[in-house]
Amino acid sequence: MSADVLDRAPDDRVQVLDPDGEVVAPDLLPDLDDAELVEMYRDMRFARRFDERMISLQRQGRLGTYSSLAGQEGAQVGSTYALADTDTLFYQYREHGALVARGLPWEYLLYWMGYERGNAALADVNVFPLNISIAAHIPHAVGWSWAAKRDGDEQVGVVHFGDGATSEGDFHEAMNFAGVFDTPTVFVCNNNQWAISVPRERQTASATIAQKANAYGFDGVQVDGMDPLATYVVTKAARERALDPAEDEPRPTLLEAVQYRFGAHTTADDPEVYRDEAEVEEWRDRDPLARFGAFLWDRGLLDQERLDAMNEAIDDELADIVDRAEDVAADPTDLFADVYAESTDELDAQREYLTDLRGRHGDDALLDE
């Protein structure tokens, strides 16, 4: 099945479930047991609820600018479930669902609250620090993958990015390097139709994003990103190829996960300015949670009682990690901690100046507007 699912035209979109949760490709149904299917759905619900909670916290002034994932849970969670825990994830700033599938360290919230050290905990679950500058992390992912290959490690680098990233030089340089050095890299383009306010059709003249891989000597596959089972199947096949390719078969693969961002680009954005609400509602009919939920319900793996219990457990867990994050006290001297590997005289002087100010005036006075 691995070869079949990847060996297709770039516009031959892979789909397992239709928008109503009906199986349309029985031969592609992944070999997941009932418990794994329910856990995948639970992580998707957790990601959606996490999203809602973070937006609420931002509106209350308890969190910084935040990027919403709603509508993209299928690609993020489905693709991550197809990986080994030892595979390393690289992501942009919207793939919170991928982190949920990796256990979501509670410290992750600290990053969005302004603490850079919130990124550090991600290393414990084999995730590189969150990247803000568009596409800048993609060459890092390829470099890591190349190193894994040279060391003989059975590990794959999986890098997430948006459709807007494909217009950046870093994307093309990384793709070229991956092709030339045959790195075990899985590129996951989360094509959510909008790069902030720039629509997909103005981002590239290519008929698909998947076909861009052809220029670099490896395969590109388009998948229904709102179908978690389809993204699971395609990612699993790409991972298997990356680690054990057939003769003359390239290791890297580009996956174009076609999906939609239901909400704003970030909490600082107003999507009503540049897109039609009718378009949003049309895509909501393909909601990955509703689709996968209908599939599980039909198989007797989900009912109202189980769903209520799941939601309650999710809310309890979210409340706990928010409480833990908000219980962390800020230390202004952390600003100086990682500027350089070794501190400089000028940096030491700035730290001492801040310490003196706090001692003479107190933090409350310095924070008083």
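Before reading on, note that the structure itself is shown above.
Now for a look at the structure at hand. (Residues numbered from 1 in each chain as written. Predicted model: local features only at pLDDT ≥ 70, side-chain atom pairs only at ≥ 80, totals over all residues. Heavy atoms only, no water.)

Another aspect to go through is the side chain of Thr235. Relative to the helices and strands, Thr235 is located in helix 8 (residues 228–243). With relative accessibility at 1%, the residue Thr235 sits in the buried group. (Helix = DSSP H or I, 4+ residues; strand = E, 2+ residues; numbered from the N terminus. Buried < 20%, exposed > 50% of the residue type's maximum accessible area, 1.4 Å probe, protein only.)

Within strand 2 (residues 157–162), 5 of the 6 residues are buried, which leaves the element mostly enclosed by the surrounding structure. Inspection of the sheet shows strand 1 (residues 88–90) paired to strand 2 by 3 bridges, in the parallel sense. Across the sheet, residue Thr88 finds its bridge partner in strand 2, namely Gly157. In terms of strand pairing, strand 2 meets strand 3 (residues 185–191) through 6 bridges, oriented parallel. Directly across from Val158, in strand 3, lies its bridge partner Val186. Handedness of the β-α-β unit built from strand 2, helix 7 (residues 169–181) and strand 3 comes out right-handed. (Pairing = 2+ DSSP bridges. Right-handed = clockwise from strand over helix to strand, strands pointing away.)

Our next topic: the packing of helix 2 (residues 34–59) against helix 3 (residues 73–81). Taken N-terminus to C-terminus, the directions of helix 2 and helix 3 make an angle of 140 degrees; their axes are 10 Å apart at the nearest point. By the criterion of interaxial angle, the relationship of helix 2 to helix 3 is oblique. As helix 2 runs across helix 3, the sense of the crossing is right-handed. Every residue of helix 3 that contacts helix 2 at Glu36, Glu39, Met40, Asp43, Met44, Ala47 and Arg48 is listed here: Glu73, Gly74, Val77, Gly78 and Tyr81. Grouping the constituent residues of the contact of helix 2 with helix 3 by class yields 5 nonpolar, 2 polar and 5 charged. (Axes fitted to C-alpha atoms, helices over the stretch in contact; angles between N-to-C directions. Parallel < 35°, antiparallel > 145°, perpendicular 65-115°, else oblique. Left-handed = near helix turned anticlockwise from the far one by under 90°. Contact = heavy atoms within 4.5 Å. Nonpolar A, V, L, I, M, F, W, Y, C, P; charged D, E, K, R; others polar.)

In space, the 5 strands of this open sheet follow the order 1-2-3-7-6, with parallel pairing throughout. Every interior strand has two partners, whereas the edge strands, strand 1 and strand 6 (219–224), have only one. On average, each strand axis in the sheet is tilted by 20 degrees relative to the strand beside it, whichever way the strands run. Taken together, the 6 bridges between strand 3 and strand 7 (residues 253–258) define a ladder with parallel strand orientation. By the bridge assignment, Val186 is partnered in strand 7 with Thr253.

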